[in-house]
Amino acid sequence: VGLFSRLQAPVPTPRTFSMSQVSHHVAGPSWNLGRLNHVAIAVPDLEKASVFYKNVLGAQVSEAVPIPEHGVSVIFVNLGNTKIELLHPLGDDSPIAGFLQKNKAGGMHHICIEVDNINAALMDLKERKIRCLSKEAKIGAHGKPVIFLHPQDCGGVLVELEQA
Ligand SMILES: C[C@@H](C(=O)O)C(=O)SCCNC(=O)CCNC(=O)[C@H](O)C(C)(C)COP(=O)(O)OP(=O)(O)OC[C@H]1O[C@@H](n2cnc3c(N)ncnc32)[C@H](O)[C@@H]1OP(=O)(O)O
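One structure accompanies this document, and this report is about it. (Residues numbered from 1 in each chain as written. Predicted model: local features only at pLDDT ≥ 70, side-chain atom pairs only at ≥ 80, totals over all residues. Heavy atoms only, no water.)

## Digging into the overall build of the protein chain
Threshold: Numbered from the N terminus, helices here are DSSP runs of H or I no shorter than four residues, and strands are runs of E no shorter than two. Throughout, exposure labels follow a simple rule: accessible area from a 1.4 Å probe, protein chains only, divided by the maximum for the residue type, with under 20% read as buried, over 50% as exposed, and the rest as partly exposed. Two residues form a contact once any of their heavy atoms are found within 4.5 Å. Areas reported here follow the Shrake-Rupley algorithm with a probe of radius 1.4 Å; residue values treat only the protein chains shown as occluding.
A count of helical and extended segments in the protein chain gives 4 helices and 9 strands. Written out in order from the N terminus, the α and β elements of the protein chain read α-β-α-β-β-β-β-α-β-α-β-β-β. Counting only residues that meet the buried cut, the protein chain has 42% of its 164 residues in that class. A separation of at least 24 residues holds for 53% of the contacts in the protein chain among residues at least 6 apart in sequence. Carbon and sulfur atoms make up 56% of the accessible area of the protein chain, which totals about 9400 Å².

Take a look at the structure:
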């Protein structure tokens with residue numbers, strides 16, 4: 001609720017965020033929200049999903065990349081202005097195993113939005129009682145620091161923030 005009510009609150013002085021070519025309103029006192037980095041989709045069969053995006057939709061699709069620190073294997077689908085991340089569980093306690101148990105056919109798992117200062121975002125969101133799912137930022141799929149925000153505090157959507 002906090003994140004959304006804050007985004008809807010009147011913004012006194014719109015400023016631009018130089019990382020992106022698009023103008024964005026100020027997201028907080030010391031950090032700014034940027035582009036949509038990716039939409040992540042959990043899939044029960046990575047190979048099948050890869051074939052769908054590559055051969056049926058004609059997208060540019062990477063090889064599968066194991067990311068043991070996050071308990072997932074990932075395939076990146078390049079869409080030009082953003083990416084789709086196809087996620088499959090890796091290891092015994094993958095954070096997406098439960099999601100796939102509940103959503104057998106797979107489904108949209110999270111969105112990832114860039115920020116210009118992940119540590120400032122983390123501190124600010126904690127103060128606003130938005131639950132961050134790790135104590136500090138971890139290195140994400142693109143080699144940059146990321147944090148995840150609890151879906152129950154973000155309108156039912158698991159939100160990842162990535163340092164741009
Ligand atoms: C490589 C990296 C990257 O991109 O950089 C990645 O992708 S790593 C991608 C994988 N890593 C992560 O997801 C890390 C952050 N995720 C987590 O810490 C966890 O998965 C949670 C989001 C806290 C969910 O934990 P867990 O599955 O144990 O709990 P749960 O099943 O009891 O779910 C608690 C509540 O959240 C909801 N819930 C669970 N997963 C959800 C999701 N993906 N989207 C929206 N809601 C979700 C459940 O329906 C439930 O709501 P109700 O209580 O209303 O029924």
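## Description of helix H2 (residues 46-56)
As a reminder, the rule being used: By construction, the arc corresponds to the directions joining the helix axis to the C-beta atoms. Polar contacts, as used here, are pairs of N or O atoms within 3.5 Å; protein pairs need one atom able to donate a hydrogen and one able to accept it. Residues neighboring in sequence count only if both atoms are side-chain atoms.
What H2 keeps buried is the set Leu46, Ala49, Ser50 and Tyr53. One side of H2 holds all its buried residues, which, seen down the axis, span an arc of 100°. In H2, the exposed positions angled more than 90 degrees off the buried face are occupied by Glu47, Lys48, Asn55 and Val56. In this fold, the buried residues of H2 make contact with strand E1 (33-42), strand E2 (60-61), strand E4 (72-78) and strand E5 (83-89). Two or three places before glutamate 47, at the start of H2, stands the capping residue aspartate 45, its side-chain oxygen 3.2 Å from that residue's backbone nitrogen. Among the residues trailing H2, glycine 58 stands out with phi positive, at a value near 75°.

## A closer look at the nonpolar core
What counts here: In these notes, a set of buried Ala, Val, Leu, Ile, Met, Phe, Trp, Tyr and Cys residues joined through side-chain atoms within 4.5 Å is what counts as a nonpolar core.
Grouped together as the largest cluster of nonpolar side chains are 15 residues, with contacts concentrated most on Trp31, Leu125, Cys132, Ile147, Leu149 and Leu161. Elements that contribute at least two residues to this core include exactly strand E6 (107-115), helix H4 (118-127), strand E8 (145-149) and strand E9 (158-163). Tallying contributions element by element places H4 first for this core, with 5 residues. Counting residues in each nonpolar core, the second largest holds 11 residues, with Ala59, Val61, Ile75 and Leu86 among its members.

## A look at the pairing of E9
The criterion, for reference: One requirement defines pairing of two strands: DSSP has to find at least two bridges between them.
Counting buried positions over the 6 residues of E9 gives 5, a clear majority of the element. Strand direction decides the pairing type here: E6 and E9, joined by 6 bridges, are parallel. Directly across from valine 115, in E9, lies its bridge partner glutamine 163. As paired strands, E8 and E9 are joined by 4 bridges and run antiparallel to one another. Bridge pairing links leucine 149 to valine 159 in E9.

## Focus on unusual backbone geometry
Unusually for a residue other than glycine, lysine 129 sits at a positive phi of about 65°. Counting through the fold element by element, lysine 129 comes out in the loop between H4 and strand E7 (138-139).

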